[in-house]
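Listed below are the residues making up each chain.
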Amino acid sequence: FEPLQNDAKFGTEFAKKMYSQLKKECYKSTDILKLLTSIKVFTGLILFPATRESALQRLMIFMGYQYPALRKQTCLELTSAIAAYGEKVIEDEEKQNIAFDYLSTNVWSGNDLDR
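The following refers to the structure shown. Each chain has its residues counted from 1, running along the sequence as written. Predicted model: local features are reported for residues with pLDDT of at least 70 only, side-chain atom pairs are reported and counted for 80 or more only, and whole-chain, interface and lining totals are derived from all residues. Values reported for side chains reflect all heavy atoms of the structure, with hydrogen atoms and water molecules removed beforehand.

**Observations concerning unusual backbone geometry**
- Although it is not a glycine, lysine 28 adopts a positive phi angle of roughly 55°.
- Residue placement: lysine 28 occurs in the loop between helix 2 (8–26) and helix 3 (32–45).
- A simple rule labels every residue: compare its accessible area, found with a 1.4 Å probe on the protein chains alone, to the largest value its type can have, and call it buried under 20%, exposed over 50%, or partly exposed in between. A relative accessible area of 68% places lysine 28 in the exposed class. Under the DSSP-based scheme used, a helix requires at least four consecutive residues in state H or I and a strand at least two consecutive residues in state E, with every element numbered from the N terminus.

Structure below.
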């Protein structure tokens with residue numbers, strides 16, 4: 001996604017179309033592999049201003065899904081994105097710290113043996 005991030009016209013168009021199609025693919029899906037794969041794409045779409053909020057909302061929905069593996073992987077990807085891209089994901093540094101602490105202190109896998 002990086003080459004398209006700096007292209008206002010094609011990058012924005014690409015991100016919006018990718019988000020729309022991916023959202024359709026994931027809608028009411030019970031295919032855990034499809035959902036796990038889509039996490040990385042939604043995380044990549046966070047880097048585009050046009051899809052940042054929508055992609056973050058979709059990832060927040062994943063964190064409430066019934067599948068522990070999906071919740072855990074979403075948490076790991078979000079934590080990595082915040083650590084790597086910081087202000088591109090969440091502009092305010094204090095909010096970044098709050099989100100990072102929240103993601104790293106909660107148990108997303110269904111039991112607290114994985115901590």
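**A short note on helix 2**
- By this rule, a helix spans an expected 1.5 Å times one less than how many residues it contains. The end-to-end C-alpha separation of helix 2 is 27 Å, in line with the 27 Å expected for 19 residues at 1.5 Å each.
- Buried residues of helix 2: Gly11, Ala15, Tyr19, Leu22 and Cys26, and no others. Along the long axis of helix 2, the arc covered by the buried residues comes to 75°, so they all point the same way. Seen from the open side of helix 2, the exposed residues pointing more than 90 degrees away from its buried face are Lys9, Lys17 and Lys24.
- Of the residues trailing helix 2, lysine 28 is marked for its positive phi of about 55°. This arc is built from the directions going out from the helix axis to the C-beta atoms.

**Observations regarding the packing of helix 3 against helix 4 (residues 52–62)**
- Following both chains from N to C, one finds helix 3 and helix 4 inclined at 150°, their axes separated by 8 Å at the closest point. Here helix 4 runs roughly antiparallel to helix 3, going by the angle between their axes. The handedness of the crossing between helix 3 and helix 4 comes out as left-handed. From helix 3, Leu35, Ser38, Ile39, Phe42, Thr43 and Leu45 reach across to helix 4, where they touch Arg52, Ala55, Arg58, Leu59 and Phe62.
- Any residue outside Ala, Val, Leu, Ile, Met, Phe, Trp, Tyr, Cys, Pro, Asp, Glu, Lys and Arg is labelled polar, Gly included; the first ten of those are nonpolar and the last four are charged. Taken together, the residues that form the contact of helix 3 with helix 4 break down as seven nonpolar, two polar and two charged. Only the stretch in contact is used when a helix axis is fitted, and all axes are lines through C-alpha atoms; the angle between N-to-C directions ranges over 0 to 180 degrees. We call two directions roughly parallel when the angle between them is under 35 degrees, roughly antiparallel when it is over 145, roughly perpendicular when it lies between 65 and 115, and oblique otherwise. The hand of a helix crossing depends on one turn: near helix anticlockwise from the far one by less than a right angle means left-handed, and clockwise means right-handed. Whether two residues touch is decided by their heavy atoms; if any such pair falls within 4.5 Å, the residues are in contact.

**Here's the deal with the packing of helix 2 against helix 3**
- Running from N to C, helix 2 and helix 3 cross one another at 160°; their axes reach a closest spacing of 11 Å. On the basis of their axis angle, the class for helix 2 and helix 3 is roughly antiparallel. The interaxial crossing formed by helix 2 with helix 3 has left-handed handedness. Facing Ala15, Met18, Tyr19, Leu22, Lys23, Glu25 and Cys26 of helix 2, the residues of helix 3 in contact are Lys34, Leu35, Ser38, Val41, Phe42 and Leu45.
- Grouping the amino acids of the contact of helix 2 with helix 3 by side-chain chemistry returns nine nonpolar, one polar and three charged.

**Observations regarding the environment of alanine 15**
- Tracing the chain through its elements places alanine 15 in helix 2.
- The residues touching alanine 15, leaving out its near neighbours within four places in the chain, are Leu45, Phe48 and Thr51.

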